[in-house]
Amino acid sequence: MISQSSLQESVDGDDKETDPEADEAAEEPREQRPTETFYCVYRRLSSRSQLPGDDAEMGYRRSSSSDTFSKEMSAADFSLSLVVTNLPTVAEPELRGFIIKRLSKGAFFDGMGTIATVELSVTEQPVACYYCLLHQNTIQEPDSSSSEASGSVTDHVLCFLGSTEKALELFRIELDKYAQGLELYLEAEADILEAHLKSWYDESVLYLQRVVQLFQEKLSVLLRAALSHTLVEVKHADNRTKQDVERFLSVASLQGLIQEDRVATLSEARSQEQQVISVDCGEATLVCHNAAVSNRFCEDWIPAFSNALKSGNPFLMRQILENFKLKAIQDMNSLKRSIRQAETSNYALYKCYTFLKNCGNGDILLHTVRVEHAELPEARNVVQVLEEFMHEEGVITSTD
């Protein structure tokens, strides 16, 4: 009989094995005390005449080989004015100097932030800084006869500071989304903008801890929903809880790790099946409806999340979640390779069945490959045989 581990060894490339129990002892950044966080927003004004090139109206010239800003500028080519910050007065000039150096070197990316380490005199150790450019507009001076010479580019530099670079890097996706959401408030009153900036760490990092705390052992329901692209409806809960669950489902899914067109196809297939999990937060104990099908693969990860919750370390939780997704991808690749072999080998077909039976995630894996291989007759036939046999053997009890 072929074991799960032997199947994984046959995958193209040497996939690293991921064990939930091993995550508990992994060396990850641990936060034993509340993390001190800061924020800062600058308004940048750049002279258009200093930025030649076809993309000058955007304030930078983009390299043809990457999305980085390839135009290096001196500090004289732009000016930074402080909009709002909660940094101590002595630390703000230090951050400003750091940002000016980064801008001068073109160390910014289009559409996403960058995380680096910055030394501030008010912190005991160097601190991680997430920074990005937002809300670019072209300002035209009405007195000038030449728009090319008088135009200027204004945008905002957003900075979030806290924890370590390695830890904050785990939440890059959440930080990018949160930063994009702030574009609506950049021109608002300072107190309105500051109210949203204050919540960056709570909304982008600590949400994960709240979700694990809320669901406890039932977190496996959310994990399964994320892998299967099943809709989740949260009832009798405040907006923050609903947003927390939405963020968790987004980062726990395999979006970004598999092709976007496949994600869209899988989501559409689940939508057509009208499968919706209802989470009722109105009772003393959280209740999940339409989630009767268990998933051993997801359940096996609950102890790791529980131990991370006890440590109060959201960064450890995020790393465990990434390892969970990595393991799911490894299993998917193993199954796909075995299905290709099973098109011409009955023994390989038996290997597929053994793997699906033992991995604890057979129903979701089968549903995924069935959707992806819908236009491949040979592979579709293999999947159909596997589904029929697994239903007969009681390995899976519901029809996806």
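Residues numbered from 1 in each chain as written. Predicted model: local features only at pLDDT ≥ 70, side-chain atom pairs only at ≥ 80, totals over all residues. Heavy atoms only, no water.

This brings us to the overall build of the chain. Along the chain, the regular secondary structure elements total 18 helices and 8 strands. Each of the 400 residues in the chain was classed as buried or not, and the buried ones make up 48%. Contacts spanning at least 24 positions in sequence make up 75% of the contacts within the chain whose residues lie at least 6 apart. As displayed, the chain offers around 19,700 Å² of accessible surface, 47% of which is attributable to carbon and sulfur atoms. (Helix = DSSP H or I, 4+ residues; strand = E, 2+ residues; numbered from the N terminus. Buried < 20%, exposed > 50% of the residue type's maximum accessible area, 1.4 Å probe, protein only. Contact = heavy atoms within 4.5 Å. Areas by Shrake-Rupley, 256 points an atom, 1.4 Å probe, with all protein chains shown as cover.)

To continue, consider the sheet that holds strand 8 (residues 287-289). If you trace the 3 strands from one edge of the open sheet to the other, you get 6-7-8, paired in mixed fashion. Both edges of this open sheet fall to strand 6 (231-235) and strand 8, since each of them pairs with a single strand only. Put simply, the sheet's adjacent strands are angled 20 degrees from each other on average, direction ignored. Two strands pair when backbone bridges link them, and strand 7 (residues 276-280) and strand 8 are joined in this way by 3 bridges, in the antiparallel orientation. (Pairing = 2+ DSSP bridges. Axes fitted to C-alpha atoms, helices over the stretch in contact; angles between N-to-C directions.)

A separate point is helix 14 (residues 302-311). Within helix 14, the full set of buried residues consists of I302, A304, F305, A308 and L309. Seen from one end, helix 14 has its buried residues packed into an arc of 160 degrees, which puts them on one side. Phi for G312, located one or two positions after helix 14, is positive at around 65 degrees. (Arc of directions from axis to C-beta.)

This brings us to unusual backbone geometry. Positive phi, close to 60 degrees, is recorded for S163, a residue that is not glycine. Accessibility expressed as a relative area gives 11% for S163, which makes it buried. The backbone of N290 shows a phi angle near 60 degrees, a positive value even though the residue is not glycine. Mapped onto the secondary structure, N290 falls in the loop between strand 8 and helix 13 (296-299).

Attention now moves to the environment of N86. Within the secondary structure layout, N86 lies in the loop between strand 2 (78-85) and helix 3 (92-105). With relative accessibility at 30%, the residue N86 sits in the partly exposed group. It is 6.0 Å that separates the C-alpha atoms of N86 and Y39, two residues lying 47 residues apart in sequence. N86 has contacts with T37, F38 and Y39, leaving out every residue within four places of it along the chain.

A complete count under the given rule lists 15 salt bridges for this structure. In this structure, D363 engages R224 in a salt bridge whose closest nitrogen and oxygen atoms are separated by 2.4 Å. Taken together, the residues span a long stretch of sequence, with D363 in helix 17 (residues 362-372) and R224 in helix 10 (residues 219-228) at a distance of 139 residues. Both residues of the pair, D363 and R224, belong to the buried class. Put simply, D202, E203, R210, R240, D244 and R247 are held in one network by salt bridges that share partners. (Salt bridge = Lys/Arg side-chain N within 4 Å of Asp/Glu carboxyl O.)

As enumerated under the stated definition, the model contains 11 aromatic pairs in all. For the ring pair W301 and F324, a centre distance of 5.7 Å and an interplane angle of 85 degrees mean the geometry is edge-to-face. Linking W301 in the loop between helix 13 and helix 14 with F324 in helix 15 (residues 314-342), this pair joins segments that are 23 residues apart in sequence. F324 shares its class with W301; the two are buried. Here the aromatic residues Y130, F160, Y178, W200 and Y201 are joined through ring pairs into a cluster of three or more. (Phe/Tyr/Trp six-rings, centres within 6.5 Å; stacked < 30°, edge-to-face > 60°.)

Moving on: helix 9 (residues 207-215). Every buried residue of helix 9 is accounted for by Y207, L208, R210, V211, V212 and F215. Directly after helix 9, the chain includes Q216, whose backbone phi takes a positive value near 50 degrees.

Next up on the list: the packing of helix 15 against helix 16 (residues 346-359). Between helix 15 and helix 16, whose axes approach to 8 Å, the crossing angle comes to 155 degrees. It follows that helix 15 is roughly antiparallel to helix 16 by the angle criterion. When the axes of helix 15 and helix 16 are compared, the crossing they make is left-handed. Facing helix 15, whose interface residues are D331, S334, L335, S338, I339, Q341 and A342, helix 16 presents A348, L349, K351, C352, F355, L356 and C359. Tallied by class, residues from the contact of helix 15 with helix 16 come to 9 nonpolar, 3 polar and 2 charged. (Parallel < 35°, antiparallel > 145°, perpendicular 65-115°, else oblique. Left-handed = near helix turned anticlockwise from the far one by under 90°. Nonpolar A, V, L, I, M, F, W, Y, C, P; charged D, E, K, R; others polar.)

Looking now at the nonpolar core. Membership of the largest hydrophobic core comes to 65 residues, with the highest contact counts inside it found for F160, L219 and F248. Considering every element that reaches this core, the biggest residue donor is helix 15, with 8 residues. With sequence-adjacent residues up to four places away left out, L219 is seen in contact with V211, V212, F248, I302 and F305. Among the nonpolar cores identified, the runner-up in size contains 21 residues, and L87, F108, Y131 and L133 belong to it. (Core = buried A, V, L, I, M, F, W, Y, C linked by side-chain atoms within 4.5 Å.)

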